[in-house]
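The residues making up each chain are set out below.
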Amino acid sequence: MSNPVPHTLAALRRAEAQCTRCPLYRNATQVVPGEGPQRASLMMVGEQPGNDEDLAGHPFVGPAGRILDRAIGDAGLERSSIFVTNAVKHFKFEIRGKRRLHKRPDAYEIGRCKWWNDLERRLVKPELIVALGATAARSLTGKSVVIQNVRGVLLTLDDGVRLVITAHPSSLLRIPDHIDRQRQYGAFVEDLRRSAAYLGTG
Ligand code: URA
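These figures come from a predicted structure and were not determined experimentally.

To continue, consider the sheet that holds strand β2 (residues 82-86). Ordered by their spatial adjacency, five strands build an open sheet running β2-β1-β5-β7-β6, and the pairing between neighbours is mixed. The two strands at the open ends of the sheet, each matched to only one other strand, are β2 and β6 (154-156). Mean inter-strand twist for the sheet, computed between neighbouring axes without regard to direction, equals 25°. Each of β1 (42-46), β5 (128-132) and β7 (162-166) is contacted by helix α5 (residues 134-141), which is oriented at about 135° to β5, the strand it contacts most.

Below, the structure is given as structure tokens:
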């Protein structure tokens, strides 16, 4: 008999903890479910938990999370009112020496994990979703997108939910030049600010 569809976030978290829908659960420490209010007008979707998130069991608590938190504040938003999640719920990595290095999830893993994201959307009923980076954009639209071509633009998903695609905060961490990094951070904050302005206008 198939398991019942979870009707609360707590039930969803319990179901996610048992997930074997793709092989990533085998090496990860634990599943990292989405977090935030049961009803949130804004949902943010990242790629997948990183090393820190895998250990803590919470999304965006490592270096990318710190940039995201700062940008959320600078955009005039509050993280506590946003449902923050990932397209893929287990950390995918390869071992290099003593380090676990992030590996990008593939189309199969993204597709298998969409099951959980669809359930999150059914429960949280966001008015607007912000996709952070290409993996989240792919999970939400079913297509490969070039972030620079679509960022900050208000899009509509098949079910009518509105979508804004922007950069992944960890891409900012990889920019070596300080001035360039500041510029890209400003563009990221601007995308979040626009997203905040779209809320309540649909
Ligand atoms: N990167 C993500 O996409 N999600 C996290 O939770 C942390 C880093």
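Using the criterion set out here, one finds 13 salt bridges in the structure. One salt bridge connects K89 with E120, and the closest N-O pair in it is separated by 3.2 Å. Linking K89 in the loop between β2 and β3 (93-96) with E120 in helix α4 (residues 107-124), this pair joins segments that are 31 residues apart in sequence. With a relative accessible area of 1%, K89 lands in the buried category. Owing to a relative accessible area of 1%, E120 belongs among the buried residues under this scheme. Ionic pairing is found between E127 and R162, a salt bridge with its closest N-O pair at 3.2 Å.

Now for the side chain of R151. Counting through the fold element by element, R151 comes out in the loop between α6 (147-150) and β6. Judged by relative accessible area, R151 falls into the buried class, the value being 14%. Polar contacts involving the side chain of R151 include one to the side chain of D191, which spans 2.7 Å. Excluding its chain neighbours within four sequence positions, the residues that come into contact with R151 are I165, T166, A167, Q184, A187, F188 and D191.

Before going further, it helps to examine the nonpolar core. Grouped together as the largest cluster of nonpolar side chains are 27 residues, with contacts concentrated most on V45, I129, A131, L140 and L163. Element by element, the count of residues in this core is highest for α4, at six residues. A131 has contacts with V45, A136, A137, L140, L163, V164, I165 and T166, leaving out every residue within four places of it along the chain. In this structure, I82, V84, L128 and V189 belong to the second largest nonpolar core, which totals 22 residues.

Once that is clear, we can look at the site of the ligand. Every residue close to the ligand is listed here: G46, E47, Q48, P49, G50, E53, P59, F60, N86 and H168. A distance of 3.0 Å is found between a nitrogen atom of the ligand and a backbone nitrogen or oxygen belonging to Q48. Here a nitrogen atom of the ligand and a side-chain polar atom of N86 are 2.7 Å apart. Burial of the ligand by the surrounding chains reaches 93%, relative to a free accessible area of 240 Å². According to the grid-proximity analysis, the pocket containing the ligand is the largest pocket. Residues that form the shell around the ligand fall into these classes: three nonpolar, five polar and two charged.

Our focus in this paragraph is the environment of D118. Its place among the elements puts D118 in helix α4. On the basis of relative accessibility, which here comes to 31%, the residue D118 falls in the partly exposed class. With 22 residues separating them along the chain, D118 and L140 place their C-alpha atoms 9.2 Å apart.

What counts and how
Residues numbered from 1 in each chain as written. Predicted model: local features only at pLDDT ≥ 70, side-chain atom pairs only at ≥ 80, totals over all residues. Heavy atoms only, no water. Pairing = 2+ DSSP bridges. Helix = DSSP H or I, 4+ residues; strand = E, 2+ residues; numbered from the N terminus. Axes fitted to C-alpha atoms, helices over the stretch in contact; angles between N-to-C directions. Contact = heavy atoms within 4.5 Å. Salt bridge = Lys/Arg side-chain N within 4 Å of Asp/Glu carboxyl O. Buried < 20%, exposed > 50% of the residue type's maximum accessible area, 1.4 Å probe, protein only. Polar contact = N/O pair within 3.5 Å; in protein donor to acceptor, adjacent residues only side chain to side chain. Core = buried A, V, L, I, M, F, W, Y, C linked by side-chain atoms within 4.5 Å. Near = heavy atom within 4 Å. Areas by Shrake-Rupley, 256 points an atom, 1.4 Å probe, with all protein chains shown as cover. 1 Å grid on protein atoms, 1.4 Å probe; cavity = no way out; pocket = protein on both sides within 12 Å on 5 of 7 lines; lining within 4 Å. Sits in = over half its atoms within 2 Å of the grid points. Nonpolar A, V, L, I, M, F, W, Y, C, P; charged D, E, K, R; others polar.

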